[in-house]
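# Inside the fold
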Amino acid sequence: MGYDWHKLLIDKSQVALPHVLRCGQSFRWRFINGVWSIGLKNRVLMLRQEEKALYYTSVGPGQPGLSDEQLIKDYFNLHVDLVKLYGEWAKDKRFHGHLAGIRILRQDPWENLCSFICSSNNNIKRISKMVESLCREFGPYIATVDGHEYHDFPAPEALAADSVEEKLRSLGFGYRAKYINITAKMVCDMPAGLDYLQGLRDETYTDAHTALLAFSGVGPKVADCVCLMSLDKHNCVPVDTHVWQIATRDYRLSAKNNPKGHQAIQRYFQDLWGEYAGWAHSVLFAADLSDLENGINVKSEPLIEVKTESTLETKLEP
DNA sequence: TCGCCCCCTCTTAC
DNA sequence: AGTAAGAGGGGGC
């Protein structure tokens, strides 16, 4: 099957897919035979990267008024010059030698919220499994590509039925099953629905953060992750035990590992890094991440299929 | 196999 | 009122 690959001129130092898509922001990306793919906004989006260019193509109808290129530029926050930011952060010696191309995504707030409700007391591998279950069981089918089924992330209505909690428990969600179910009901009961979450992009950090805390299974850390990764609060630094360790070990801060201590650490990093403090934090965070490149959702087809299907090199010549 | 620890939040108890 | 401690499912080490 021949894909119509399009080229976007962007350097790896601006976005490094293997790191950005595996550092605990989005949990749905697959990596199959050198191609990154995801079911997003009613299409299967596929990406492939070279040193100075990103190649993209898609399968499925998509959404009216949202081209693949628009989706990519929005999803990856490509209007932000990451290289310039790295230059500013380099004043901090601890940044020297860290991974390049790690940027904050601009995800869908609803998916972001649900994913991070799943993330409490949890690890990336298991979160990925849970989010995939969510999409497979409750998300609308989009297409099958090279033998792999792709679903979109489920709408709140699909997760609001009373039967959902038990189903999620059987899928290994544990106590988070109830949180997801209740939060979905809450969003469905809102007059504005998903627009309410989307609208938090226009609110201040404090207001957005407070609003998110009202949802079930959402504490300060999860609220901060959503603020940073889908609500444009670029200077928000989510502090968990991991970031707490970086702060106390590498930065010699003497904060306690409790909410007050976490808040103090957040303020310290915001002062230090400025407007895009949340982005800076993700670079240090990723550097410490043992889960990076751990083989989640990675598949390789038998060699013979690679030759015959030839989704890569032969179709990529500009 | 058995502990122990987790990218936490909620609840209860001071 | 603000803070502290324990429970909660499953999986990794």
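Computed from a predicted model, the values in this text were never measured in an experiment.

Conventions used here
- Residues numbered from 1 in each chain as written.
- Chains lettered and ligands numbered in written order.
- Predicted model: local features only at pLDDT ≥ 70, side-chain atom pairs only at ≥ 80, totals over all residues.
- Heavy atoms only, no water.
- Helix = DSSP H or I, 4+ residues; strand = E, 2+ residues; numbered from the N terminus.
- Buried < 20%, exposed > 50% of the residue type's maximum accessible area, 1.4 Å probe, protein only.
- Areas by Shrake-Rupley, 256 points an atom, 1.4 Å probe, with all protein chains shown as cover.
- Lys, Arg positive; Asp, Glu negative; His and termini not counted.
- Charge placed at Lys NZ, Arg CZ, Asp CG, Glu CD.
- Near = heavy atom within 4 Å.
- Polar contact = N/O pair within 3.5 Å; in protein donor to acceptor, adjacent residues only side chain to side chain.
- Nonpolar A, V, L, I, M, F, W, Y, C, P; charged D, E, K, R; others polar.
- Axes fitted to C-alpha atoms, helices over the stretch in contact; angles between N-to-C directions.
- Left-handed = near helix turned anticlockwise from the far one by under 90°.
- Contact = heavy atoms within 4.5 Å.
- Salt bridge = Lys/Arg side-chain N within 4 Å of Asp/Glu carboxyl O.
- Parallel < 35°, antiparallel > 145°, perpendicular 65-115°, else oblique.
- Disulfide = S-S within 2.5 Å.
- Domains from an automatic or database assignment.
- Pairing = 2+ DSSP bridges.
- Arc of directions from axis to C-beta.

### Quick word on the overall build of chain A
- For chain A, the helix and strand inventory stands at 16 helices and eight strands.
- Along the longest, intermediate and shortest principal axes, the C-alpha atoms of chain A span 60 × 50 × 35 Å.
- Burial analysis of chain A (318 residues in total) assigns 53% to the buried set.
- When the accessible surface of chain A is summed, it comes to about 14600 Å², and 52% of that surface belongs to carbon and sulfur atoms.
- Computed over 36 positive and 40 negative side-chain charges, the separation of the two mean positions in chain A equals 6 Å.

### Section: unusual backbone geometry
- We note that Asn77 has phi near 55°; this positive angle belongs to a residue other than glycine.
- On the basis of relative accessible area, Asn77 is assigned to the buried category, the value being 2%.
- Phi at Asp232 takes a positive value of approximately 65°, unusual for a residue other than glycine.
- One can find Asp232 in the loop between helix H11 (220–230) and helix H12 (241–249).
- With relative accessibility at 26%, the residue Asp232 sits in the partly exposed group.

### Regarding the protein's contact with DNA strand C
- Residues in close proximity to DNA strand C include Asn121, Arg126, Arg169, Gly172, Gly174, Tyr175, Arg176, Asn258 and Lys260, which together make up its full environment.
- Taking the atoms of DNA strand C that fall within 4 Å of the protein, sugar and phosphate contribute 52% of them.
- Take Asn121: an N or O atom from its side chain is 3.0 Å from a base oxygen of DNA strand C.
- Within the side chain of Arg169, an N or O atom sits 3.0 Å from a phosphate oxygen of DNA strand C.
- Its residues placed into classes, the surface near DNA strand C shows one nonpolar, four polar and four charged.

### Remarks on the packing of H12 against helix H13 (residues 259–273)
- Here H12 crosses H13 at 65°, and the two axes come no closer than 10 Å. Remark: the crossing between H12 and H13 carries left-handed chirality. Residues Val243, Trp244 and Ala247 of H12 lie in contact with H13, whose contacting residues are His262, Ile265 and Phe269.
- Here the contact of H12 with H13 is built from residues that sort into five nonpolar, one polar and no charged.

### Digging into the pattern of salt bridges
- Tallied over the entire structure, the rule returns 16 salt bridges.
- The shortest N-O distance in the salt bridge between Arg30 and Glu132 comes to 3.9 Å. With Arg30 in strand S2 (residues 30–32) and Glu132 in helix H5 (residues 124–138), this residue pair connects regions lying 102 residues apart in the sequence.
- Between Arg48 and Glu50 there is a salt bridge; the shortest N-O distance is 3.4 Å.
- Residues participating in the shared-partner salt-bridge network are Asp74, Arg106 and Asp232.

### Some words on the packing of H12 against helix H14 (residues 277–287)
- Close contact between H12 and H14 brings their axes to 10 Å; oriented N to C, the two are set at 90°. As summarised for this structure, H12 and H14 are arranged roughly perpendicular, according to the angle between their axes. Taking contact as the criterion, the partners of His242, Val243 and Ile246 in H12 are, on H14, His281, Leu284 and Phe285.
- A per-class count over the contact of H12 with H14 returns four nonpolar, two polar and no charged.

### Topic: the side chain of Thr57
- Mapped onto the elements of the fold, Thr57 is located in strand S5 (residues 53–59).
- A polar contact of 3.1 Å, which involves the side chain of Thr57, links it to the backbone oxygen of Asp4.
- Dropping the residues within four chain positions of it, Thr57 is found in contact with Tyr3, Asp4, Trp5, Val44, Leu45, Met46 and Asp68.

### Focus on the state of the cysteines
- All chains considered together, the criterion is met by zero disulfides.
- In this model Cys118 remains outside any disulfide bridge; the closest cysteine sulfur is found in Cys114, 7.0 Å from its own.
- The thiol of Cys225 is not disulfide-bonded; the next cysteine sulfur, from Cys236, is found 7.8 Å away.

### A word on the domain arrangement of chain A
- Here chain A is described as being made up of domain 1 (1–106 + 283–318), domain 2 (108–231) and domain 3 (241–276).
- Just the C-alpha atoms count here: the centres of domain 2 and domain 3 sit 27 Å apart.

### What to know about the pairing of S5
- Most of S5 sits out of view: five of its seven residues are buried.
- Relative to S5, strand S1 (residues 6–9) runs antiparallel, the two being bridged by four bridges. The partner of Lys7 across the bridge, within S5, is Tyr55.

### What about helix H3 (residues 82–89)?
- Every buried residue of H3 is listed here: Leu82, Leu85, Tyr86 and Trp89. Looking straight down H3, one finds its buried side chains confined to an arc of 100°; they lie on one side.
- Contact partners of the buried residues in H3: H13 and H14.
- You can read the cap of H3 off the contacts: a side-chain oxygen lies 3.2 Å from the backbone nitrogen of Val83, and it is on Asp81.

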